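Observations on the model geometry
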Amino acid sequence: MARYGSMYGPDITFTGVPRCSLDDPASYADAQAVIVGAPYDSGTSYRSGARMGPMALRSCDYSEHTGSRPHLALRVDPLLDLGVVDAGDVEMAPTETQRSLRALQNVITQLAKAGKIPVILGGDHTIAMSDITGLAEHYGYGRISVIHFDAHADTGDIQFGSLYGHGLPMRRVIESGAVRGDKFLQIGLRGYWPEPPELAWMADQGMRGYEMAEIRRRGIDAVLDEAFAIATEDTDGVFLSVDIDVVDPGMAPGTGTPEPGGFTGRELLDAVRRIGRELPLVGLEIVEVAPPYDHADVTAMLGNRVVLETLSGIARRKADEAAGTVWDDATPVLEGRSLAPVPPAKGKARVLLVGAGGVGSAVVATAARREYIEAMVVADYDLSKAERAVDAVSDGRFLSAQVDATDVEAVAGLLKRYRCDILLNATDPRFVMPLFDAALEGGAHYLDMAMSLSHPHPTDPYNVPGVKLGDEQFAKSGEWEAKGKLALVGMGVEPGLADVFARYAADHLFSEIDEVGIRDGGNLEVEGYDFAPTFSIWTTIEECLNPPVIYEKERGWFTTQPFSEPEIFDFPEGIGPVECVNVEHEEVILVPRWLDTKRVTFKYGLGTEFINMLKMQRMIGIDSTDQLQVGNVSVSPRDVLAALLPDPATLGDRMSGKTCAGAWIRGTGKDGNPRDVYLYHVVDNAWSMKEYHSQAVVWQTAVCPVIAMELIANGTWSGSGVLGPEAFDSVPFLDLLTEYGSPWGLREQTPASDGQQAAGTV
């Protein structure tokens with residue numbers, strides 16, 4: 001039978017388990033149990049409506065339909081542990097009784113032969129003929145027993161002149177020999193039917209019925225003990241049949257033939273759980289759920305739980321058999337659970353974002369559009385900043401928190417408390433190491449957009465590097481490898497996207513690279529300000545006034561004077577020529593670690609006025625981070641300067657123009673000829689403000705770690721230790737960058753002779 005889907009209502013599966021198709025055995029090969037819908041109610045003698053039962057049983061669950069249901073008491077997940085799948089409904093035409101029942105019977109036999117436990121969602125009880133006979137066709141006639149919960153025996157002979165109906169199926173399967181009468185146990189009988197002739201026939205077959213008066217006097221556990229002993233003697237399996245009217249209609253009103261005085265819902269659930277745990281079930285059915293008569297879905301919910309409780313019992317029995325133990329379901333619910341963290345769902349990530357400034361807020365705005373985010377905790381020392389970032393997206397996956405980025409234990413505590421598997425650092429470089437260490441302590445992957453701080457050489461700062469950018473982080477790579485965690489460093493735009501460009505060029509464009517030259521520039525202007533940096537002034541001072549680093553293969557890393565080797569670079573998409581100078585940057589450290597290149601440089605398009613302003617700051621000492629005592633206050637000059645200048649994140653409405661980040665790469669192409677290209681990414685401030693309410697520079701920085709986290713979440717990027725962007729395949733990243741609505745570009749340039757700059761022509 002090809003997958004029919006749902007006869008009535010939408011084609012949904014039982015609480016979200018995967019779909020399968022019965023004409024494709026591979027689709028249920030790994031399943032131990034298969035859901036089958038049997039939407040037939042033409043056998044009803046009183047009130048019809050059970051044909052809507054399969055739809056209600058599948059959908060009636062207040063929890064998210066993820067195909068997972070961890071059981072609190074049994075500590076198994078029956079749907080996942082048993083690999084449950086849903087084959088949809090069998091086509092059961094209301095006017096074609098025999099054809100419909102035959103189709104269902106064939107499906108049950110098919111599943112039994114494949115070694116699966118069929119779980120049938122009815123439908124009225126007529127379908128028991130197909131379910132029991134279908135199993136007997138595989139296990140052998142008379143080789144299975146039946147435990148049947150019902151208010152009614154369903155052993156009538158003729159109903160409205162027909163041998164088919166929901167009051168007759170148990171007589172039919174005993175008459176056919178599919179099940180022996182002495183292996184048919186009925187629990188929960190009560191009321192005023194069947195009549196004496198039917199009861200006499202039942203006695204002659206050796207059936208055992210337990211009426212509610214006997215159950216009340218003896219207790220349900222004693223009754224089950226006796227029934228289990230009978231059901232398991234000289235049989236090869238047990239079939240469980242549950243008519244929801246075994247429960248008192250005060251708790252299960254949604255059924256066609258309600259009979260007062262039945263079980264409580266709790267009693268039924270406890271009973272079927274025991275059956276799943278203690279008996280070799282070969283199949284089960286839940287029938288007579290009739291949604292038209294239900295109130296607030298209480299009957300459908302109970303029927304849904306009958307299935308889950310039975311499957312949970314089966315899963316627990318299998319787990320106990322594998323472990324050689326017997327789990328006590330009365331174990332306190334929280335006992336022994338503290339050391340069992342729950343990972344995010346497959347393909348999802350739970351992120352702790354530290355830093356809710358301009359870049360952090362842009363991260364939130366961008367990540368809110370991506371489905372891979374399961375949860376994101378936005379933390380900042382200033383709680384109001386985190387709250388504003390979260391409020392701006394109005395997304396229930398995001399929440400705010402207060403944290404001191406220098407407090408390793410507090411940050412690690414947040415990671416553990418919210419089960420975050422990634423820490424994204426959106427603070428300035430001062431906080432890299434405490435957050436880096438906190439991620440490792442908290443068992444999370446780590447991403448940053450700037451690496452640990454450098455320190456100039458004490459005696460020869462403009463020739464010899466001292467402590468280089470990222471040295472402190474790379475020194476701990478072994479610790480990250482030992483824990484199997486990834487620290488992806490320098491994963492902003494520069495460093496970050498520029499490094500991805502370099503990897504792309506090495507893999508796809510060049511056979512040999514002479515130079516990777518990172519070039520950053522733009523034509524952004526801020527209305528109303530004579531001096532207003534478009535990025536953090538703290539970070540800008542740090543990278544611009546420190547000795548720039550250059551890499552040459554023959555020489556290694558060396559330093560030079562700030563703002564050295566000025567050149568005019570022609571930036572694309574209308575930005576035009578901009579003077580660029582050497583600046584200290586992480587790409588010069590990262591690229592040579594993974595890519596074979598003769599030279600790496602980083603030059604920033606600052607402009608003469610900006611350079612002069614930075615030089616003046618250095619000259620009078622207000623770039624210093626040392627604490628000074630001013631009256632009763634201890635402050636650093638650089639922090640004062642940052643407080644005086646406008647927050648770059650707030651300048652978007654006053655900004656105009658574009659910003660460009662890219663990698664200018666020269667060498668020998670794959671064809672053996674000289675090649676000169678500029679791989680770049682341009683963001684127009686008008687676009688980023690319209691799309692994300694973020695100014696161009698901060699959004700261009702923020703989008704890159706959001707993409708990287710998506711690749712980590714879906715498993716495209718993986719690894720352990722301290723790694724840079726160059727360590728990973730560039731193509732998936734660049735494809736996502738385009739998918740995010742901000743494509744990258746490649747400009748072929750005229751190759752230059754040695755010592756000459758190529759013309760920046762398109």
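Residues numbered from 1 in each chain as written. Predicted model: local features only at pLDDT ≥ 70, side-chain atom pairs only at ≥ 80, totals over all residues. Heavy atoms only, no water.

**Structural notes on the layout of surface pockets**
Rule in force here: Cavities and pockets were defined on a 1 Å grid built over protein atoms only: a cavity is a set of grid points that admits a 1.4 Å probe from which the probe cannot escape, a pocket is an open set flanked by protein on both sides within 12 Å along at least five of seven lines, and lining residues are those with an atom within 4 Å of any such point. Grid points are joined across faces, edges and corners, and a volume is the space filled by probe spheres set on the points. For helices the rule is a DSSP run of H or I covering at least 4 residues; for strands it is a run of E covering at least 2, with both sets numbered from the N terminus onward. Three classes are used: nonpolar for Ala, Val, Leu, Ile, Met, Phe, Trp, Tyr, Cys and Pro, charged for Asp, Glu, Lys and Arg, and polar for all others, with Gly counted as polar.
Of the volumes computed, that of the second largest pocket is approximately 1,400 Å³. Thr-66, Ser-68, Arg-69, Pro-70 and Asp-77 are, among the 34 residues lining the second largest pocket, the residues nearest its centre. If you list the elements that add at least two residues to the lining of the second largest pocket, you get α2 (78-81), α9 (265-278) and α10 (298-323). Sorting elements by how many residues they give to the lining of the second largest pocket places α10 first, with 5 residues. For the lining of the second largest pocket, the class distribution of residues is 16 nonpolar, 5 polar and 13 charged.

**Quick word on the side chain of Ser-730**
Heads up, the condition is: A 1.4 Å probe rolled over the protein chains alone gives each residue an accessible area, and that area as a share of the maximum for its type sets the label: buried under 20%, exposed over 50%, partly exposed in between. We call two residues in contact when some of their heavy atoms are within 4.5 Å.
Inspection of the secondary structure puts Ser-730 in helix α24 (residues 730-739). Judged by its relative accessible area of 0%, Ser-730 is buried. Once residues within four sequence positions are removed from consideration, Ser-730 is found in contact with Val-500, Arg-503, Tyr-504 and His-508.

**Here's the deal with the sheet that holds strand β14 (residues 486-488)**
Our working rule: Note on pairing: two strands pair once DSSP finds at least 2 bridges between them. Working convention: axes come from line fits to C-alpha atoms, limited for helices to the stretch in contact. Angles between N-to-C directions cover 0 to 180 degrees.
Pairing is parallel across the open sheet formed by 7 strands, whose spatial order is β11-β10-β9-β12-β13-β14-β27. Of all strands in the sheet, those with a lone pairing partner are β11 (398-402) and β27 (721-723), marking the two edges. Adjacent strand axes in the sheet meet at a mean angle of 20°, parallel and antiparallel pairs treated alike. Most of the contacts of helix α12 (residues 383-393) go to β11, to which it runs at about 175°, and overall it touches β10 (373-380) and β11. Contacts from helix α23 (residues 696-713) reach β9 (349-354), β10, β12 (422-425), β13 (445-448) and β14, with the element oriented near 160° to β13.

**Let's talk about the side chain of Asn-546**
For clarity, the threshold we go by: Counting of polar contacts relies on pairs of N or O atoms within 3.5 Å, with two restrictions inside protein: one atom must be capable of donating a hydrogen and the other of accepting it, and residues adjacent in sequence are counted only when both atoms are side-chain atoms.
Note that Asn-546 resides in the loop between α18 (537-545) and β17 (549-552). Residue class for Asn-546 comes out buried when judged on its relative accessible area of 10%. A distance of 3.4 Å separates polar atoms of two side chains, one belonging to Asn-546 and the other to Ser-454. Among the polar contacts listed, one links the side chain of Asn-546 to the side chain of Glu-584, at a separation of 3.1 Å.

The values are spatial; any link to function lies outside them.
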